[in-house]
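Residues per chain are reported as follows:
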Amino acid sequence: MEGNIAILGYGLSAIGPGIGVGLVFAAYINGVARQPEAKGTLQTIAFLGFALTEALAIFGLALAFVFR
Amino acid sequence: MRAQSAAGSDGFVAPDVSDFWQPLFGTDGPFAVTRASVVLVLSVVGICWLLLAATRKLSLVPGRTQLVTESVYGLVRNSVARDVIGSKDFLRFVPLLFSMFILILVNNLFGVVPPIQFPTMSRVAMPAALTLVVFVLYHYLGIRKRGVVGYFKSLMPPGIGIGLGLLIYPLELITYFFTRPVTLALRLFGNMFAGHLLLLLFITGGEYLVFEAGGAGMMVAGGVSWFMAFVMTVFEILVEFLQAYIFTLLAALYLAGAVADEH
């Protein structure tokens, strides 16, 4: 079986952000369910948190193709 | 391209990065006119034509094209620019944000429109150029508002001591000058690239299983692969909208951070 170990690195780097993005949006849904009028404010914060959390997975994807 | 031609000879060759480098005119070097640049020019012409045609005859009771154009503009103006930057001085950023949103959206959607089928943003130079505009602009606005020394002072989060500040400040510098621009460009690139690569894999893999591999079981597997390609295409359309929205939203957030009064 042939392949590139860097792709495994991408898989590992996606675990943390996967959990993190789940937590961010879980909190967002909770917040909107409790207080629907705060949706606009919460949406911005949720997407900012999502963007910051997702960064590691993106680095992983980029590096998986850099070190091949 | 290469994956399809090589599939017949010795087993299936999975699509990879080289499938995205498609020079159309000129040399194979850095000045080649690639498929991505042709699609980009096509999208700019298309957007100009669409927006001019939609706003030529404006009426109080909007027609169909005017309604669609106005709702896209309204999305960027109200739920991105006004909510993020604040109702005081968001209007001067609306042209930039709207241009970015519609350029990215149309280019992303070209990834699944049949005769074109190439997402421009799957070449990293395109999102990098868009990110450079945002990166230069938010530093420029911050420095113009506070001065060079004041700007670097304002990067420090308020209300923490000097000891903790020495630890936090380098991290803040890395965030502002490295992580923000790099992730902004790579997020768009990564999503478009990975999504298109996945479609390529399912379609060429299905083609190999049905026509080359032989056997009824392989043909069923190829059909399943093609069905997955269809499902992923629908998912891609969602991702393409979402990435255009997120890019614009984050650009607005970074600009808002530079022009905000309080940190």
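Residues numbered from 1 in each chain as written. Chains lettered and ligands numbered in written order. Predicted model: local features only at pLDDT ≥ 70, side-chain atom pairs only at ≥ 80, totals over all residues. Heavy atoms only, no water.

A few points about the overall build of chain B
In terms of helices and strands, chain B carries 7 helices and 2 strands. In sequence order, the secondary structure elements of chain B are arranged as α-β-β-α-α-α-α-α-α. Seen through its principal axes, chain B has C-alpha atoms that stretch 70 × 60 × 40 Å. Taken across its 263 residues, chain B has 39% of its residues classed as buried. Surface exposure of chain B reaches about 14,100 Å², of which carbon and sulfur atoms provide 73%. (Helix = DSSP H or I, 4+ residues; strand = E, 2+ residues; numbered from the N terminus. Buried < 20%, exposed > 50% of the residue type's maximum accessible area, 1.4 Å probe, protein only. Areas by Shrake-Rupley, 256 points an atom, 1.4 Å probe, with all protein chains shown as cover.)

As for the interface of chain A and chain B
Each partner contributes to the interface: chain A provides 14 residues, whereas chain B provides 18 residues. Contact between chain A and chain B buries roughly 1,400 Å² in total, counting both sides, with carbon and sulfur atoms accounting for 82%. In terms of surface lost to chain B, no three residues of chain A exceed A:F47, A:I58 and A:F59, which account for 32% of the buried area on that side. Applying the counting rule to chain A against chain B returns 1 salt bridge. (Contact = heavy atoms within 4.5 Å. Buried area = accessible area lost by both parts, 1.4 Å probe. Salt bridge = Lys/Arg side-chain N within 4 Å of Asp/Glu carboxyl O.)

A look at the nonpolar core
Counting residues in each nonpolar core, the largest one holds 60 residues, and the members touching the most others are B:I85, B:L97 and B:Y138. Mapped onto this core, the elements with two or more residues apiece are α2 (39-66) of chain A together with α2 (35-56), α3 (64-85), α4 (94-109), α5 (125-154), α6 (162-213) and α7 (216-259) of chain B. The element contributing the most residues to this core is α7(B), with 15 residues. Excluding residues that lie within four positions of it along the chain, B:L97 makes contacts with B:V76, B:A81, B:I85, B:T248, B:A251 and B:A252. (Core = buried A, V, L, I, M, F, W, Y, C linked by side-chain atoms within 4.5 Å.)

A closer look at the packing of α4(B) against α5(B)
Residue and element names in this part refer to chain B. Direction vectors running N to C along α4 and α5 enclose 160°, while the axes themselves pass 12 Å from each other. By the angle between their axes, α4 is roughly antiparallel relative to α5. Here α4 runs over α5; the crossing is left-handed. Residues L96, M100, L103 and I104 of α4 touch α5, and the partners they reach there are L130, V133, V134 and L137. (Axes fitted to C-alpha atoms, helices over the stretch in contact; angles between N-to-C directions. Parallel < 35°, antiparallel > 145°, perpendicular 65-115°, else oblique. Left-handed = near helix turned anticlockwise from the far one by under 90°.)

Notes on the packing of aromatic side chains
All names here are of chain B. Following the criterion strictly, the structure yields 17 aromatic pairs over all chains and no others. Stacked on the ring of Y138, the Lys or Arg R180 has its end atom at 5.7 Å from the ring centre. The ring of Y176 carries the charged tip of R180 above its face, separated from the ring centre by 4.4 Å. (Phe/Tyr/Trp six-rings, centres within 6.5 Å; stacked < 30°, edge-to-face > 60°. Lys NZ or Arg CZ within 6 Å of the ring centre and 35° of its normal.)

Re the environment of B:T175
All names here are of chain B. Relative to the helices and strands, T175 is located in helix α6. Residues T175 and L155, spaced 20 residues apart in sequence, show a C-alpha to C-alpha distance of 9.9 Å. Apart from residues lying up to four places away in sequence, T175 is in contact with R180 and P181. At 2.8 Å, the side chain of T175 and the backbone oxygen of L171 are in polar contact. (Polar contact = N/O pair within 3.5 Å; in protein donor to acceptor, adjacent residues only side chain to side chain.)

Here's the deal with the pattern of salt bridges
The tally for this structure, following the rule as stated, stands at 2 salt bridges over all chains. A salt bridge links A:E54 to B:R187; the shortest N-O distance between them is 2.8 Å. Of this pair, A:E54 sits in helix α2 while B:R187 sits in helix α6, on two different chains. The exposure class of A:E54 is buried, given its relative accessible area of 13%. When its relative accessible area of 2% is taken as the criterion, B:R187 is described as buried. Between B:D89 and B:R92 there is a salt bridge whose closest N-O contact spans 3.1 Å. Accessibility expressed as a relative area gives 46% for B:R92, which makes it partly exposed.

Looking at the side chain of B:S122
Residue and element names in this part refer to chain B. You can see S122 is positioned in the loop between α4 and α5. Since its relative accessible area comes to 2%, S122 is described here as buried. Within polar-contact distance, the side chain of S122 engages the backbone oxygen of P119 at 2.7 Å.

A closer look at the packing of α3(B) against α4(B)
All names here are of chain B. At a minimum axis separation of 10 Å, α3 and α4 run at an interaxial angle of 125°. Viewed along their axes, α3 and α4 adopt a mutual orientation that is oblique. Crossing angle aside, the handedness with which α3 passes α4 is right-handed. Taking contact as the criterion, the partners of V72, Y73, L75, V76, R77, A81 and I85 in α3 are, on α4, V94, L97, F98 and F101. Looking at the contact of α3 with α4 residue by residue, the classes come out as 10 nonpolar, no polar and 1 charged. (Nonpolar A, V, L, I, M, F, W, Y, C, P; charged D, E, K, R; others polar.)

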